[in-house]
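What follows is the residue order along each chain.
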Amino acid sequence: MKKKYLGNTGISVSVVGFGVLPIGPAQLALSVEDGAAIIRYALKNGINFIDTAQYYRAYPYIVKALEDHKHADSVVICSKSLCGDFAGMMEAIEEARITLGRDVIDIFLMHEVRSGQLEERVGAWRALREAKAHGLVRAIGLSTHHVDITAAAAEMEDLDVVFPLINYAGLGIRSGNRFASPEEMMAAIEKCSNAGKGVFSMKAFGGGNLTGHYRQALDYVFSKPQIDSVMIGFGKTEEIDDIITYLNGTMASDYAPDISKKKIYINQEDCEGCGACKATCPNGAIFYNRNGLAEVDHKVCLTCGYCTPVCPVRAIIMY
């Protein structure tokens, strides 16, 4: 599989990365062995870039997958933490090093930085800079759904990489308190690329909600030279076969995967109970559970997707 350098980092990654969130406890909750088998399949097919996070609770899958891998040292691992202070971020980095069995983590990010949070998480950023200075991390940066944060990342001298949300439909893209467009996010991404920052993107399929428009979703992100790698959440080996067929140019022009068995879910770890999805649902399929968070009644849900674009934190996913 073709590889590219992440900006000026000197880190070479496959143009497609493996996002491990779907195989973990928050979504498919596969056994460690089954999840690791999917990662191993991706590695055998040329994917050398893995994205995880502290709160995904997915490190065991990666460790198991790399146990017998001949070229484990060449696999690039990115992890992230939501911690906002210095001590919390340093603990998160140490947890990753110990659990993954790596002296140096290739990439470590501030996870899901929202508008206004750069100032609030200055301690975490100082920890990342110190960890890199001490050789614990090779490259540092942030992940975000926000246009303004992506644009600000271009101006951060010590930042090496940025991991923004981008898809053709604009699902999940924010700027401050408003929804933003793909064009706005691409303008910010271009600033990062021009500044020498490595860029790898998330949510090409909008959390699974655009999977029915498979080629359109991929054509959009892969047409952008400013994006070095596209991170995709895989849950099956067949999904890896699909992306390889797409990249090889042998996929039928009218190809669309079977999504008839997929359902809409609301990630309980991301939902903030704002009620936007509930108010938008045309069939009354969304209700508040005992925790005050939104949940889907699959007996009523039409899988129409009307709820997806109104969620301010991209908690609505389909799998």
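Caption draft 1: Structural detail: the overall build of the protein chain. Per the secondary structure count, the protein chain includes 10 helices and 16 strands. Its C-alpha atoms give the protein chain a radius of gyration of 19 Å, near enough to 20 Å, the size a compact globule of 319 residues would have. Viewed in the frame of its principal axes, the protein chain has a C-alpha envelope of about 55 × 45 × 35 Å. Of the contacts made within the protein chain by residues no fewer than 6 positions apart, 72% connect residues no fewer than 24 positions apart. Of the roughly 13800 Å² that the protein chain leaves accessible, carbon and sulfur atoms contribute 49%. With 32 positive and 37 negative side-chain charges, the protein chain shows a spacing of 3 Å between the two charge centroids.

Caption draft 2: Region of the structure containing the nonpolar core. If you look at the biggest cluster of nonpolar residues, it comprises 90 residues, and the most contacted ones within it are Ile39 and Ile107. Counting residues in each nonpolar core, the second largest holds 17 residues, with Ile264, Ile286, Val313 and Met318 among its members.

Caption draft 3: Looking closely at the packing of aromatic side chains. In this structure the tally under the stated criterion is 8 aromatic pairs. Summarising the aromatic geometry, the rings of Phe222 and Tyr246 are spaced 5.8 Å apart at their centres and angled 45 degrees between planes, so their arrangement reads as tilted. Separated by 24 residues along the polypeptide, Phe222 in helix H8 (residues 214-222) and Tyr246 in helix H9 (residues 237-248) bring together distant segments of the chain. Classification of Tyr246 by relative accessible area gives buried; the value is 12%. With a centroid separation of 4.3 Å and 15 degrees between ring planes, the pair formed by Tyr265 and Tyr319 is classed as stacked. Taken as a pair, Tyr265 in strand S13 (residues 264-266) and Tyr319 in the segment after strand S16 (316-318) lie far apart in primary sequence, 54 residues in all.

Caption draft 4: Quick look at the pattern of salt bridges. Applying the stated criterion to the full structure yields 14 salt bridges. Notably, a salt bridge pairs Arg57 with Glu269, separated by 2.8 Å at the nearest N-O pair. Taken together, the positions of Arg57 in the loop between strand S4 (49-51) and helix H2 (59-66) and Glu269 in the loop between S13 and helix H10 (276-280) put the pair 212 residues apart, joining distant regions of the chain. Overall, the relative accessible area of 43% leaves Arg57 in the partly exposed class. A salt bridge links Arg129 to Asp158; the shortest N-O distance between them is 2.8 Å. Taken together, the residues Arg129 in helix H5 (residues 122-133) and Asp158 in the loop between helix H6 (147-153) and strand S8 (161-164) connect sequence positions 29 residues apart. When salt bridges with common partners are traced through the structure, they connect Glu33, Arg40, Lys64 and Glu67 into a single cluster.

Caption draft 5: Geometry of helix H3 (residues 86-100). Taking 1.5 Å of rise per residue, the 15 residues of H3 would be expected to cover 21 Å, and the 21 Å separating its terminal C-alpha atoms lies within 8% of that figure. For H3, every residue scored as buried is listed here: Gly88, Met89, Ala92, Ile93, Ala96, Arg97 and Leu100. Elements that come into contact with the buried residues of H3 comprise H2, strand S5 (76-81), strand S6 (105-110), H5 and strand S7 (137-144). Measuring from the side-chain oxygen of the N-cap residue of H3 to the backbone nitrogen of Gly88 gives 2.8 Å; that N-cap residue is Asp85. Gly101 sits one or two residues past H3 and shows a positive phi near 70 degrees.

Conventions we followed
- Residues numbered from 1 in each chain as written.
- Predicted model: local features only at pLDDT ≥ 70, side-chain atom pairs only at ≥ 80, totals over all residues.
- Heavy atoms only, no water.
- Helix = DSSP H or I, 4+ residues; strand = E, 2+ residues; numbered from the N terminus.
- Rg over C-alpha atoms; globule rule 2.2 N^0.38 Å.
- Contact = heavy atoms within 4.5 Å.
- Areas by Shrake-Rupley, 256 points an atom, 1.4 Å probe, with all protein chains shown as cover.
- Lys, Arg positive; Asp, Glu negative; His and termini not counted.
- Charge placed at Lys NZ, Arg CZ, Asp CG, Glu CD.
- Core = buried A, V, L, I, M, F, W, Y, C linked by side-chain atoms within 4.5 Å.
- Buried < 20%, exposed > 50% of the residue type's maximum accessible area, 1.4 Å probe, protein only.
- Phe/Tyr/Trp six-rings, centres within 6.5 Å; stacked < 30°, edge-to-face > 60°.
- Salt bridge = Lys/Arg side-chain N within 4 Å of Asp/Glu carboxyl O.
- Expected span 1.5 Å × (residues − 1).
- Polar contact = N/O pair within 3.5 Å; in protein donor to acceptor, adjacent residues only side chain to side chain.

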